[in-house]
Amino acid sequence: TDEKEGGEKPFAKTVANQQNIDAFNGVVSNEASISLFWNAVVLHVIIKGRCSQSDARPDTRLDVVFDDVSFKLGRDKESASNLVTVPLQWANGGRGPEGWVEVTYLDDTLRLGRGDKGSVFVTARRPAGSSK
């Protein structure tokens, strides 16, 4: 339900969230859309980075470095015109935030994984050849 206990609508609510990993091309992105101010505006947050096969566990783990984060306000992220992008190389000695994601299960429709900070990911996979 969209309402809190007592009938109040939440100030902020996640309306979409996706994690994109293209290991073949070495790129990743995490995208979230968050409804704010009781659904008056939507904030879109997109963090982009690079990934590579991990030396520690090359068969199941990708090392990730995030390069920048973008913020947009608008009903949908494609039409939002007020993009603000912040480079992240100021963090972590100029490298940007780092981490890893480990794939624990993978088939044609589902990917299960966990991240270095304890996150657990249960994601539906897009059909082959689909970009969104």
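Here, the structure is the one placed above.
Note that this is a predicted model, so its numbers are computed, not measured.

**A closer look at the packing of aromatic side chains**
- Following the criterion strictly, the structure yields two aromatic pairs and no others.
- Ring geometry for Phe-11 versus Phe-37: centroids 5.0 Å apart, planes at 90 degrees, classification edge-to-face. Within this pair, whereas Phe-11 is found in the segment before strand S1 (12-22), its partner Phe-37 is found in the loop between strand S2 (27-36) and strand S3 (41-53), the two being separated by 26 residues in sequence.
- Residue classification places Phe-11 among the partly exposed positions, given a relative accessible area of 40%.
- Classification of Phe-37 as partly exposed rests on a relative accessible area of 44%.
- Considering the side-chain rings of Phe-11 and Trp-38, the 5.3 Å spacing of their centres and the 80 degrees angle between planes classify their relative orientation as edge-to-face. You can see Phe-11 sitting in the segment before S1 and its partner Trp-38 sitting in the loop between S2 and S3, a full 27 residues away along the chain.
- Members of the aromatic cluster, each reached through a chain of ring pairs, are Phe-11, Phe-37 and Trp-38.
- For Arg-61, the ring lying beneath its charged end belongs to Trp-100, and the centroid distance is 3.7 Å.

**A short note on a nonpolar patch on the surface**
- The grouping of Phe-71, Val-84, Val-86 and Trp-90 at the surface amounts to a nonpolar patch, some 400 Å² of accessible area in total.
- According to the relative accessible area criterion, Trp-90 is exposed, its value standing at 67%.

The rules behind each value
- Per chain, the residues get numbers from 1 upward, laid out in the order the sequence is written.
- Given that the model is predicted, a residue must reach a pLDDT of at least 70 before its local features are reported, and side-chain atom pairs must reach 80 or more before they are shown or counted; all residues, however, enter totals for whole chains, interfaces and linings.
- Side-chain measures were taken over the full set of non-hydrogen atoms in the model, leaving aside hydrogen atoms and water.
- Pairing of aromatic rings covers Phe, Tyr and the six-membered ring of Trp, with a centre-to-centre limit of 6.5 Å; geometry is then stacked below 30 degrees between planes, edge-to-face above 60, and tilted otherwise.
- Helix and strand labels come from DSSP, where a helix needs a run of H or I of at least four residues and a strand needs a run of E of at least two; each type is numbered from the N terminus.
- Note on exposure labels: buried denotes an accessible area under 20% of the residue type's maximum, exposed denotes more than 50%, and partly exposed covers the range between, all computed with a 1.4 Å probe on protein chains only.
- Charge-over-ring placement is defined geometrically: NZ (Lys) or CZ (Arg) within 6 Å of the ring centre, and within 35 degrees of the ring normal.
- Residues qualify for a patch when their relative accessible area is over 30% and they have no salt bridge, like charges being joined within 9 Å and the nonpolar side chains of Val, Leu, Ile, Met, Phe, Trp and Tyr within 5 Å.
- Each accessible area value is a Shrake-Rupley result obtained with a 1.4 Å probe; residue values ignore everything except the protein chains displayed when judging cover.
- Any Lys or Arg side-chain nitrogen found within 4 Å of a carboxyl oxygen on Asp or Glu counts as a salt bridge.

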